[in-house]
Amino acid sequence: MTSTAILFLIAGLGLITWVFARARAGRFIQSGAASVHSLPSYHGWYAAMWAVVPAILFLLVWSSVAPALGSFAVLESPLAADLPADPFARAAILSEARELSRNADLKVFNDAAVQLAPLYADADRRYMLIGALAAFLLCFAGGAYAFTRIRPDFRARTQVERTVMLALLLASLIAILATLGIVASLIFETIRFFQLVSPFEFLFGLNWNPSDKVVDGQATGFGAVPLFWGTVFIGAIIAMIVAIPLGLMSAVYLTQYASANVRKWMKPILEILAGVPTVVYGYFAALTVAPALRNFAVMIGISDASSESALAAGLVMGVMIIPFVSSMADDSIAAVPGSMRDGSLAMGATKSETIKQVLIPAALPGVVGGVLLAVSRAIGETMIVVMAAGLAANLTANPFASVTTVTTQIVQLLTGDTDFNSPMTLAAFALGLTLFIVTLLLNIVALQIVKRYREAYD
Amino acid sequence: MTETVSMPANLPAPASGARKTDWMGQTMQKRIASRYAAERRFKFMGLAAVVLSSLFLAFLLFVMVGNGAKGFITTEATLTVDMPAATGSISAEQLTGPRLSATIASIDVRRIYDNAVQAQYGKDGSRFFASTAWTALRAQLTENPDLILGKAKFWLPTSSDIDRAAKDTSTPEAEADYAQLRQAGEVRQTLNWNFLTGSDGTDPAQVGIWGSLKGSLITMVVTLFLAFPVGVLAAVYLEEYAAKNRLTDLIEVSINNLAAVPSIIFGLLGLAVFLQFFAMPRSAAIVGGLTLALMTMPVIVIASRNAIKAVPPSIREAAMGVGASPIQVVFHHVLPLAIPGIMTGTIIGMARALGETAPLLMIGMRAFTTTPPDGFTDPATVLPVQIFLWSDEVNRGFVEKTSAAIIVLLVFLLTMNAVAVYLRNRFETRW
């Protein structure tokens, strides 16, 4: 029996409980009881809740406990007696045996795992059965309890609404949980990384050449400055040189010059640019833009141009960001009070003079905030740089050379079957934490600027 | 009423010291002309920016369609097989009813195929056909068992080299082979159904996207079922019930923050929490769905809040006035009116999740599977990751397949966005 089947069964039982409880409550009204507090369907919901919620909660808890119980059962068996005493090696074999019991065609590294796999399959099946039985018992018990409480004066609606409120609160708490999860997982792994590499070397070292080698408890080759430079070079310099003029001018043209018809058609077309998946941009950059730029560079006499140039990735990323800059600029220009524009036009300034000398200066804080948001978007962008920028950690300002970025290296460090405790895996989390902090700061600053600017005109 | 300044009927001439501007003079006319020229230049620059941006989009689509259109076409060559001679004698009765499948299973299609290829195309004739061509032969026999009784001509997929020779350029040998086939009239190009129904493989002529598309669909189901209820409920809570206190502020900050976190960070979260801590299976659609759900939820919350906010207070007050409880007000009156806006936001969020690659790479959803996944825990890959994997292949034959897969992905995304826009225009009420 699979867990999906168990869930469906419980849902079915809940439905049955709902129907019966509702019918029972309906009879009160038919029999003309003096004061029925809640509508019959609320009694139904109340009973169904008692039938389903405890059982599901139990299953959730059980599914996190059962694997550990399974491991205990396997370790108790005589076959497990000759496992290595080292907890790490033992855990590796156990987890491999578990994977093997789930997926028989897996490649095995430890032969001991092959013997343990059937034990695991056995134990997992046994605990699954126990869990399912207990869940069904809970389901019946809950349903029966609720059923006995159905009376004409029972306040089922109040009870149901209290539970709904709880569900609403829990749903909003998930956002906090997710944020905590991100911060905790990043910080936890980063601290482990900093036990191998000093934070100073990581943040200011110039040599990025990661390896799994650990000498005297220290790993070398984790100086991340070339990555930071590559990220800034592609995401904050080249991409913005493309995106700011194009995005800003598009916004100006569409809001100030274009007729309503043109605006109606061009705005969605620009929005499509933002909706194209980044993997498509990456493929486009690698397939079309990068070779063309390389040929161009060779033509103008730069012989060492790389086919994975920073320029290709930056250009395409800039195009991706255009609609983002454009819509932020659009919003901030629209927020400038009409009286300022009218005043300037009344003084005899032409439209372009009004835009250049009144509207854009007035909208500047909003535009700057939008650009900062765009930068945070660009430096966190992954697929374009993974596919079009290189892996060589160069510290160069030559746009035709290959540079690498933080996100590229995270992908590079985590793909491939490396051990979870190796310095390379941990380094990916340290890079992730750096990226998280920087984008967070950029966002906070940008939103603050935009907010203060809005207040200035309100 | 402010004090009105009464103007004399005829304005006095400017004080004698002030210079009178000669608007019609040459210098002023020149200056005005240059200002108008600047105006025209500026307007042209704006137009150029818009045109350039849309040209880039057009160019991108043009390149993808130009490369990818060929991916939907395949090349086939004929193979004449004398079935009775190869199988001994299979009688017509053996092909009726329940005995059919046993009969077909008893035929060694692989050997028959090898022999037929050698007979028709010479000793190394197998270079003409795809390595999986014999399975295509078996499929045709299963579909049309009468062919087993006689000598028949089968159209079978050619090898990747010949396929590319037919479409553009290939190795000289393959070009020569193709010319030979064409002269004999034994080759044709047809629609590549296998591309839409097959799965990943090593031979670019034989790969398909159904495996990864199904992986995407399963992942999206998980994402939708988690992100939609949680997102809408959270939005209802924050917009309708939350008290102004520290907890509410914390929730708001978290949601806005999650909406701005780079997607790759969600991949790291999935790796550390779901794979490491909860020991969930690697490469499984359920982990991908969970990760994407965390990413999509803030989008849904923000869209739902805006939709709920747009419902006018009079609705709430009217409902409250006839005795609805606070929960009934929201669930019976406010939410139904906000549903179009919520749906639009959800579809846009789901479209973004469908095109997302980086977080899924982190949690290992790059499984090489030649069969589509059948459940939430099977090793799977998704369409964008498949595109990424194919783009990395050295074999030139994958270029058209990658572009074709991109076309399919873009069609899905554009359809979703179009539906979202339609829903918004059709059902949104302006109060």
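Residues numbered from 1 in each chain as written. Chains lettered and ligands numbered in written order. Predicted model: local features only at pLDDT ≥ 70, side-chain atom pairs only at ≥ 80, totals over all residues. Heavy atoms only, no water.

Draft legend 1. Main features of the overall build of chain B. Looking only at helices and strands, chain B features 17 helices and three strands. Since a compact globule built from 431 residues should have a radius of gyration of about 22 Å, the 33 Å found for chain B marks it as more spread out than a globular shape. A separation of at least 24 residues holds for 75% of the contacts in chain B among residues at least 6 apart in sequence. As displayed, chain B has an accessible area near 21700 Å², and 60% of this comes from carbon and sulfur atoms. Treating the 35 positive side-chain charges of chain B as one cloud and the 32 negative ones as another, the clouds have centres 11 Å apart. (Helix = DSSP H or I, 4+ residues; strand = E, 2+ residues; numbered from the N terminus. Rg over C-alpha atoms; globule rule 2.2 N^0.38 Å. Contact = heavy atoms within 4.5 Å. Areas by Shrake-Rupley, 256 points an atom, 1.4 Å probe, with all protein chains shown as cover. Lys, Arg positive; Asp, Glu negative; His and termini not counted. Charge placed at Lys NZ, Arg CZ, Asp CG, Glu CD.)

Draft legend 2. Summary view of the packing of helix α5 (residues 156–196) of chain A against helix α10 (residues 246–260) of chain B. With their axes 9 Å apart at the nearest point, α5(A) and α10(B) run at an angle of 60° to one another. Here α10(B) runs oblique to α5(A), going by the angle between their axes. Here the hand of the crossing between α5(A) and α10(B) comes out left-handed. Counting all contacts with α5(A), which are made through A:Leu169, A:Ser172, A:Leu173, A:Ala175, A:Ile176, A:Ala178, A:Thr179 and A:Ile182, the residues of α10(B) involved are B:Leu247, B:Leu250, B:Ile251, B:Ser254, B:Ile255, B:Asn257 and B:Leu258. Taken together, the residues of the contact of α5(A) with α10(B) break down into eleven nonpolar, four polar and no charged. (Axes fitted to C-alpha atoms, helices over the stretch in contact; angles between N-to-C directions. Parallel < 35°, antiparallel > 145°, perpendicular 65-115°, else oblique. Left-handed = near helix turned anticlockwise from the far one by under 90°. Nonpolar A, V, L, I, M, F, W, Y, C, P; charged D, E, K, R; others polar.)

Draft legend 3. Structural context of a nonpolar patch on the surface. Residue and element names in this part refer to chain A. A cluster of nonpolar side chains, contributed by Leu-15, Ile-16, Val-19 and Phe-20, occupies part of the molecular surface with about 400 Å² of accessible area. By the element assignment, Leu-15 lies in helix α1 (residues 3–30). Here Leu-15 falls in the exposed class, since its relative accessible area comes to 56%. (Patch = residues over 30% accessible without salt bridge, like charges linked within 9 Å, V, L, I, M, F, W, Y side chains within 5 Å. Salt bridge = Lys/Arg side-chain N within 4 Å of Asp/Glu carboxyl O. Buried < 20%, exposed > 50% of the residue type's maximum accessible area, 1.4 Å probe, protein only.)

Draft legend 4. Structural context of the packing of aromatic side chains. The tally for this structure, following the rule as stated, stands at 21 aromatic pairs over all chains. A centroid spacing of 6.1 Å and a plane angle of 25° characterise the contact between A:Tyr253 and A:Tyr257, whose relative ring orientation is stacked. Of the two residues, A:Tyr253 and A:Tyr257 both sit in helix α7 (residues 225–257), four residues apart, roughly one turn of that helix. Residue classification places A:Tyr253 among the buried positions, given a relative accessible area of 10%. Since its relative accessible area comes to 13%, A:Tyr257 is described here as buried. Plain terms: the ring middles of B:Trp390 and B:Phe398 are 6.0 Å apart, the flat faces sit at 40° to each other, and that makes the pair tilted. Grouping residues by exposure puts B:Trp390 and B:Phe398 together as buried. Of the aromatic side chains, those joined through ring pairs into one cluster are A:Phe193, A:Phe194, A:Phe202, A:Trp208, A:Phe222 and A:Phe228. Across the ring face of B:Phe427, the terminal group of B:Arg426 is positioned such that the distance to the ring centre comes to 5.0 Å. (Phe/Tyr/Trp six-rings, centres within 6.5 Å; stacked < 30°, edge-to-face > 60°. Lys NZ or Arg CZ within 6 Å of the ring centre and 35° of its normal.)

Draft legend 5. How the structure looks around the pattern of salt bridges. Residues and elements named next belong to chain B. If you walk through the whole model with that rule in mind, you get eleven salt bridges over all chains. In this structure, the salt-bridge partner of Lys-401 is Glu-400, at a minimum N-O distance of 3.8 Å. In this pair, the class of Lys-401 matches that of Glu-400, namely buried. Through salt bridges with shared partners, a single ionic network connects Glu-239, Glu-252 and Arg-305.

Draft legend 6. Quick peek at the confidence of the model for chain B. Residues and elements named next belong to chain B. Model confidence for chain B is summarised by a mean pLDDT of 84, while 94% of its residues fall at 70 or above. Mean pLDDT across the elements of chain B ranges from a minimum in helix α2 (residues 83–87), with 71, to a maximum in helix α13 (residues 313–321), with 94. Ignoring residues within four places in sequence, the model shows residues 1–8, a span with pLDDT below 50, making zero contacts including any to other chains. (pLDDT = per-residue confidence, 0-100.)

Draft legend 7. Layout of the domain arrangement of chain B. All names here are of chain B. Under the domain assignment, chain B is made up of domain 1 (70–191) and domain 2 (210–427). The C-alpha centroid of domain 2 is placed 45 Å from the C-alpha centroid of domain 1. Counting residues at the interface gives seven residues for domain 1, matched by eight residues for domain 2. Of all residues in domain 1, the largest losses of buried area upon contact with domain 2 belong to Gly-71, Phe-72 and Arg-164, amounting jointly to 75% of the total for that side. Seen at the junction of domain 1 and domain 2, the total is zero salt bridges. Taken together, domain 1 and domain 2 are joined by one residue pair in polar contact (both at pLDDT 80 or more). A per-class count over the side of domain 1 that touches domain 2 returns one nonpolar, two polar and four charged. (Domains from an automatic or database assignment. Buried area = accessible area lost by both parts, 1.4 Å probe. Polar contact = N/O pair within 3.5 Å; in protein donor to acceptor, adjacent residues only side chain to side chain.)

Draft legend 8. Highlighting the interface of chain A and chain B. Taken together, the contacts link 72 residues of chain A with 74 residues of chain B. Buried area between chain A and chain B, summed over both chains or domains, comes out near 6500 Å², and the portion from carbon and sulfur atoms is 80%. Seen at the junction of chain A and chain B, the total is one salt bridge. A salt bridge links B:Arg35 to A:Glu353, with the nearest nitrogen and oxygen atoms 2.9 Å apart. At the junction of chain A and chain B, the tally comes to nine residue pairs in polar contact (both at pLDDT 80 or more). Split by residue class, the side of chain A that touches chain B holds 48 nonpolar, 18 polar and six charged.

Draft legend 9. Seen up close, unusual backbone geometry. All names here are of chain B. Phi is positive for Ser-283, close to 65°, though the residue is something other than glycine. Turning to its location among the elements, Ser-283 is positioned in the loop between α11 (263–277) and α12 (285–309). Here Ser-283 falls in the buried class, since its relative accessible area comes to 11%.

Draft legend 10. Geometry of the domain arrangement of chain A. Annotation of chain A at the domain level lists domain 1 (3–154) and domain 2 (225–457). Its C-alpha centre places domain 1 of chain A at a distance of 48 Å from the equivalent point of domain 2 of chain A.

Draft legend 11. Spatial organisation of helix α8 (residues 260–275) of chain A. Over its 16 residues, α8(A) extends 23 Å from the first C-alpha to the last, a length consistent with the 22 Å expected when each residue adds 1.5 Å. Buried residues of α8(A): A:Met266, A:Leu270 and A:Leu273, and no others. All buried residues of α8(A) fall inside an arc of 40° around its axis, so they share one side. Exposed side of α8(A), more than 90 degrees from the buried face: A:Ala260, A:Lys264 and A:Trp265 are the residues found there. As for α8(A), its buried residues are in contact with α7, α9 (278–299) and α10 (310–335) of chain A together with α1 (26–68) of chain B. (Expected span 1.5 Å × (residues − 1). Arc of directions from axis to C-beta.)

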